[in-house]
Amino acid sequence: MRKYVQKIKQLRRKKCFTICIAESCTGGMISSKLTSISGSSDFFEGSIISYSNSFKSSLLKVPSSVIKKHGAVSHQTALCMVKGLKRITKSEILVSVTGVAGPNGGTSKTPIGCVYFGLGTKIKNKYYFMTIKKIFRERTRQKIQEKSTEFILKEIIKNLSKI
């Protein structure tokens, strides 16, 4: 994963951007990887680990009605999380992650390894938002967190090409 972080750092030399993240199921792993290299303060603004539903609601303003209706692990929650970041930061790249890392907690609708990602990209002073659903086949918590982190680092790189 270091190569992806190095690529983000390299892109920072060519483009002006910062990244802000709201993590749930990855528990800070994405932030840890982004800050594992010297110079990351040039592009990484910070993160929130919003693990509990109440924290998602209080810090990121995810409506409890969204969590109740769609679940904490859903497109809707990931989208509300990433839009919540927009309220507290001016970063050009916004990321949210919510999922079921296991080994317990999966359902038929959101099985273990189901992860939703929210992405916000600021292009010409306007934010564009999207969500992505991934089902990782790995069965250990650590592997699901690692695969989620690797996936979103690649997505950040793709989105940086748009700004």
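The structure we're discussing is the one just above.
Residues numbered from 1 in each chain as written. Predicted model: local features only at pLDDT ≥ 70, side-chain atom pairs only at ≥ 80, totals over all residues. Heavy atoms only, no water.

Engineer: How would you sum up the packing of helix α1 (residues 2-14) against helix α6 (residues 141-160)? Please name residues and give values.
Structural biologist: It is the contact of α1 with α6, at a shortest axis distance of 10 Å, that shows an interaxial angle of 20°. As far as their axial angle goes, α6 and α1 are roughly parallel. α6 is crossed by α1, and the crossing has left-handed handedness. Of the residues in α6, those in contact with Tyr4, Val5, Lys7, Ile8 and Leu11 of α1 are Glu150, Leu153, Lys154, Ile156, Ile157 and Leu160. Broken down by class, the residue content of the contact of α1 with α6 amounts to 8 nonpolar, no polar and 3 charged. (Axes fitted to C-alpha atoms, helices over the stretch in contact; angles between N-to-C directions. Helix = DSSP H or I, 4+ residues; strand = E, 2+ residues; numbered from the N terminus. Parallel < 35°, antiparallel > 145°, perpendicular 65-115°, else oblique. Left-handed = near helix turned anticlockwise from the far one by under 90°. Contact = heavy atoms within 4.5 Å. Nonpolar A, V, L, I, M, F, W, Y, C, P; charged D, E, K, R; others polar.)

Engineer: Pulling in residues and values, what's your account of the nonpolar core?
Structural biologist: Core analysis: the biggest nonpolar cluster contains 35 residues, and Ile8, Ile19, Leu34 and Phe43 have the highest contact counts within it. Residue assignment for this core shows that the elements contributing at least two residues are α1, β1 (19-23), α2 (29-34), β3 (93-99), β4 (114-123) and α6. At 7 residues, the largest contribution of residues to this core is made by α6. By size, the runner-up hydrophobic cluster in this structure holds 12 residues, among which are Ala22, Ile67, Met81 and Leu94. (Core = buried A, V, L, I, M, F, W, Y, C linked by side-chain atoms within 4.5 Å. Buried < 20%, exposed > 50% of the residue type's maximum accessible area, 1.4 Å probe, protein only.)

Engineer: With reference to specific residues and values, describe the pattern of salt bridges.
Structural biologist: Evaluated as defined, the whole model comprises 3 salt bridges. Across the pair lysine 154 and glutamate 150 runs a salt bridge whose closest N-O atoms are separated by 3.8 Å. Taken together, the residues lysine 154 and glutamate 150, both in helix α6 and 4 residues apart, mark about one turn of the helix. You can call glutamate 150 partly exposed: its relative accessible area is 22%. Linking lysine 158 and glutamate 155 is a salt bridge whose minimum nitrogen-to-oxygen distance equals 2.9 Å. You can see lysine 158 and its partner glutamate 155 sitting in helix α6, 3 residues apart, about one turn around the helix. The class of glutamate 155 is buried, set by a relative accessible area of 8%. (Salt bridge = Lys/Arg side-chain N within 4 Å of Asp/Glu carboxyl O.)

Engineer: Describe the packing of aromatic side chains, naming the residues involved and giving the relevant values.
Structural biologist: In total, this model carries 4 aromatic pairs according to the counting rule given. Taken together, a centroid distance of 6.0 Å and an interplanar angle of 20° make the contact between tyrosine 127 and phenylalanine 129 stacked. Judged by centre distance (6.5 Å) and plane angle (70°), the rings of phenylalanine 136 and phenylalanine 151 are edge-to-face. Within this pair, whereas phenylalanine 136 is found in the loop between β5 (126-135) and α6, its partner phenylalanine 151 is found in helix α6, the two being separated by 15 residues in sequence. Judged by relative accessible area, phenylalanine 136 falls into the buried class, the value being 7%. (Phe/Tyr/Trp six-rings, centres within 6.5 Å; stacked < 30°, edge-to-face > 60°.)

Engineer: Describe the sheet that holds β4, naming the residues involved and giving the relevant values.
Structural biologist: Sheet strands pair via backbone hydrogen bonds, and the direction of the pair is either parallel or antiparallel. An order of β2-β1-β3-β4-β5 is seen for the 5 strands of this open sheet, with the pairing classed as mixed. In this open sheet, the two strands that pair with only one neighbour each are β2 (44-49) and β5. Each strand axis lies, on average, 15° off the axis of its neighbour in the sheet, ignoring direction. Pairing geometry for β1 and β2, over 5 bridges, is parallel. When the bridges of β2 are listed, glutamate 23 appears paired with isoleucine 49. (Pairing = 2+ DSSP bridges.)

Engineer: Which residues make up the environment of glycine 28, and what values do they have?
Structural biologist: If you trace the backbone, glycine 28 turns up in the loop between β1 and α2. The buried category is assigned to glycine 28, whose relative accessible area is 13%. Spatially, the C-alpha atoms of glycine 28 and threonine 149 are 9.5 Å apart, while their sequence positions differ by 121 residues. Those residues in contact with glycine 28, other than ones at most four positions away along the chain, are Glu23 and Ile49.

Shape descriptors only; they carry no functional weight alone.
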